[in-house]
Amino acid sequence: MSDSRSHSEHKAKSRSWLTTAFLIYGTMVVGLLGFFIIFPDTRTHGTQGEGAPMQTVAKAARYEAVIANWNRYRNKDARADAR
């Protein structure tokens, strides 16, 4: 009688572990799928009609401003050296 009882307890414990493992695995899979659906690859988004990214205009303006600042700095330095 005790053998059948321990067998059923063992079976219940193994089912419990299998259910827990399946729930954890399922949660991970659903979470990853949700992540990739919500946050898809950003390289494919934000393009204009001809395929140029929209950020290019902002980056070009930023780089031009950096170059202008550097030229101003060099001009001040050159004037200081000329004195």
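Above this text is the structure in question.
Q: Could you give an account of the overall build of the chain, with specific residues and numbers?
A: Of the regular secondary structure elements, the chain holds two helices and zero strands. Split into buried and exposed, the 83 residues of the chain put 0% on the buried side. For the chain, the exposed surface amounts to about 8,100 Å²; the carbon and sulfur share of it is 64%.

Q: Got a sec to walk through the packing of aromatic side chains? Specific residues and values, please.
A: Counting across every chain of the model gives two aromatic pairs. Both rings, one in Phe35 and one in Phe36, keep their centres 5.5 Å apart while their planes meet at 75 degrees; by these two values the pair is edge-to-face. Of the residues examined, Phe35 reaches a relative accessible area of 44% and is grouped as partly exposed. For Phe36, a relative accessible area of 56% corresponds to the exposed category.

Calculation criteria
- Residues numbered from 1 in each chain as written.
- Predicted model: local features only at pLDDT ≥ 70, side-chain atom pairs only at ≥ 80, totals over all residues.
- Heavy atoms only, no water.
- Helix = DSSP H or I, 4+ residues; strand = E, 2+ residues; numbered from the N terminus.
- Buried < 20%, exposed > 50% of the residue type's maximum accessible area, 1.4 Å probe, protein only.
- Areas by Shrake-Rupley, 256 points an atom, 1.4 Å probe, with all protein chains shown as cover.
- Phe/Tyr/Trp six-rings, centres within 6.5 Å; stacked < 30°, edge-to-face > 60°.

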